[in-house]
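Now for the letters of each chain:
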Amino acid sequence: MSAKSAEAIAADPRAENRLQNDSRSTDFPSGFVWGTATSAYQIEGAVNEDARGPSVWDRFAHTRGTILDKSNADIANDHYHLFKQDVQLIKALGVKAYRFSIAWPRVFPEGSGSPNPKGLDFYHRLIDELLANGIEPFATMYHFDLPQTLQDRYGGWVSRDTPKAFADYAGYVAGYLSDRVKHIFTINEALRFVFLGYGVGPDAPGLGLSGRGLNQVLHNVALGQGLAVQAIRAHGHGGTKVGPAENIVVCIPAIETPANIRAAEIATRELNAGYLTVMLEGRYTDGFLAYAGKNAPKYTADELKIISSPVDFVGLNVYTPNHYVVAADNPAGFALLPFPAAFPKMDSTWLRIGPEAMYWAPRHVAKLWDVKSIYITENGTSAKDDPAADGNVYDVDRIMYLRNHLTHLQRATSEGIPVRGYFLWSLMDNFEWSDGFEKRFGLYRVDFNTQARTPKLSASFYREIIERNAVV
């Protein structure tokens, strides 16, 4: 290498690195799906166009004191009008897949009843544009934007009527779009929208339930997931695959010993018992029922069968470790360690830096439930992302975060853990729920006054990873 000519290196600045890497096999499996992701309410805007109905987030964002910067998503990224431009941003990254969500109130303005053909037509056009540019569409049926009419009529997911309405909506959409969309995610991050929207209250609809009421909501959402799986299978075209996208509670062995690893597996099963575990096992764990006691949800054996309808894959949204775990001599078999005050964080205070979560989350899911196909449906970080004097955004903090997470993901795939693809959150800065536009997660910086999109340094980093199919 020391004899390599300066002229040759100058002609191809990456040649030396490539030569150094030639001796190793490809870091990720052949056919690994590289993608990026967004959600409807966070980017589409056009909330009052083409007969779209209001969602719970429309009302919530217009309620005083709910959004950090007093903004709303009435316009957001104006993706509804700029989607062709945004597809070119996706294409420029070199990704071959795009995960987007369908706005339920755009298709069914009243939540149920008569569908809105103009709303569905937007997704037809988006999907056609993606396919024309060699990008495979992965659709999500629910990403927090419940039709406000269902919240007013039933109390939202408090009622079992909402899961039934969701299944009707999901089956209808699958019937029309699954000729071109072969991967459908049902519900995104049930744990988040239930506990933050119906429990603690910083997300829409901003309720304050607890105890049995909150556990019942989570059960109803799990029921909606199962009913939607059945509806999509009944109405979708042949070859349609379906599964959830969940922000699993990630439990990591503090030290990799056999005892601690087993403790982390037990903790993962129990701390996800109210949603993912019951979905994949068809029963609530004894530990969950004992802990809930009189606050356990009411359910029937038939509902458990519906909830555990077989899925084709499991999507995992992985951002941060939830718990470090050690084995313990107690009835649970594990202990959760406290996070020190000095534990490192990214720009968002909740986003602790623990890239090993990207290894342990899919490993636990594959081991505990014998899941054969896993997608990382979200992973990314917020950053300040202020432009430098030359106008560029040098988000080396995001690059650090992604490089470390992807290194642990490569460890997982190299050990045979069946992760089939990765969707980076997010394609571009957008409306980040109760944070408004204050937190930026995108590979492209968005000026929300002009709608100009500018690639950050991380966009080049991700493009290079995709090109090499390896961590760089």
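Refer to the structure above for everything that follows.
Residues numbered from 1 in each chain as written. Predicted model: local features only at pLDDT ≥ 70, side-chain atom pairs only at ≥ 80, totals over all residues. Heavy atoms only, no water.

Undergrad: Describe the sheet that holds strand S6 (residues 251–253), naming the residues involved and giving the relevant values.
TA: On the basis of which strands lie adjacent, the open sheet formed by three strands has the order S6-S8-S9 and mixed pairing. Of all strands in the sheet, those bounded by a partner on one side alone are S6 and strand S9 (334–337). Across this sheet, the average inter-strand angle for adjacent strands is 45°, counted without regard to direction. By the bridge criterion, three bridges tie S6 to strand S8 (residues 323–327) in an arrangement that is parallel. Across the sheet, the residue bridging to Ile-252 is Tyr-324, located in S8. Contacts from helix H12 (residues 258–271) reach S6, S8 and S9 within the one sheet, and its direction differs from that of S8 by about 125°. (Pairing = 2+ DSSP bridges. Helix = DSSP H or I, 4+ residues; strand = E, 2+ residues; numbered from the N terminus. Axes fitted to C-alpha atoms, helices over the stretch in contact; angles between N-to-C directions. Contact = heavy atoms within 4.5 Å.)

Undergrad: Any details on the pairing of strand S13 (residues 452–455)? Residues and values, ideally.
TA: For strand S12 (residues 444–447) and S13, the ladder comprises four bridges, and the chain directions are antiparallel. Looking at S13, one finds that Asp-447 is bridged to Ala-452. Linking two consecutive strands that pair antiparallel, namely S12 and S13, is a turn of four residues; a positive phi of about 65° is found at Gln-451 within it.

Undergrad: Could you give an account of the pairing of strand S4 (residues 183–188), with specific residues and numbers?
TA: Most of S4 is tucked away, with six of its six residues classed as buried. Two strands pair when backbone bridges link them, and strand S3 (residues 136–142) and S4 are joined in this way by four bridges, in the parallel orientation. Considered in S4, the bridge of Phe-138 is made with His-183. One ladder, built from four bridges, connects S4 with strand S5 (residues 241–246); its direction is parallel. (Buried < 20%, exposed > 50% of the residue type's maximum accessible area, 1.4 Å probe, protein only.)

Undergrad: Go over unusual backbone geometry, please, and point to the residues and values.
TA: Of the consecutive residues Ala-204 and Pro-205, the connecting peptide bond is found in the cis state with omega at 5°. Within the secondary structure layout, Pro-205 lies in the loop between helix H10 (190–200) and helix H11 (211–235). Omega for the bond connecting Trp-425 with Ser-426 falls within 30 degrees of zero, at 10°, which places this linkage in the cis form. Its place among the elements puts Ser-426 in the loop between strand S11 (419–425) and S12. Phi at Lys-70 takes a positive value of approximately 65°, unusual for a residue other than glycine.

Undergrad: Give a detailed account of the nonpolar core, specifying residues and quantitative values.
TA: Of all hydrophobic cores here, the largest spans 146 residues; its most connected members are Trp-157 and Tyr-422. Here the element with the most residues in this core is H11; it accounts for eleven residues. (Core = buried A, V, L, I, M, F, W, Y, C linked by side-chain atoms within 4.5 Å.)

Undergrad: Now, about the sheet that holds strand S7 (residues 314–317): what can you tell me, with residues and values included?
TA: Sheet architecture is closed into a barrel: eight strands sit in the order S1-S2-S3-S4-S5-S7-S10-S11, paired in parallel fashion. In this sheet, adjacent strand axes meet at a mean angle of 25° when their direction is disregarded. Summarising the sheet, S5 and S7 pair through two bridges and their orientation is parallel. Counted as the bridge partner of Glu-246 is Leu-316 from S7. Each of S3 and S4 is contacted by helix H9 (residues 161–177), which is oriented at about 160° to S3, the strand it contacts most.

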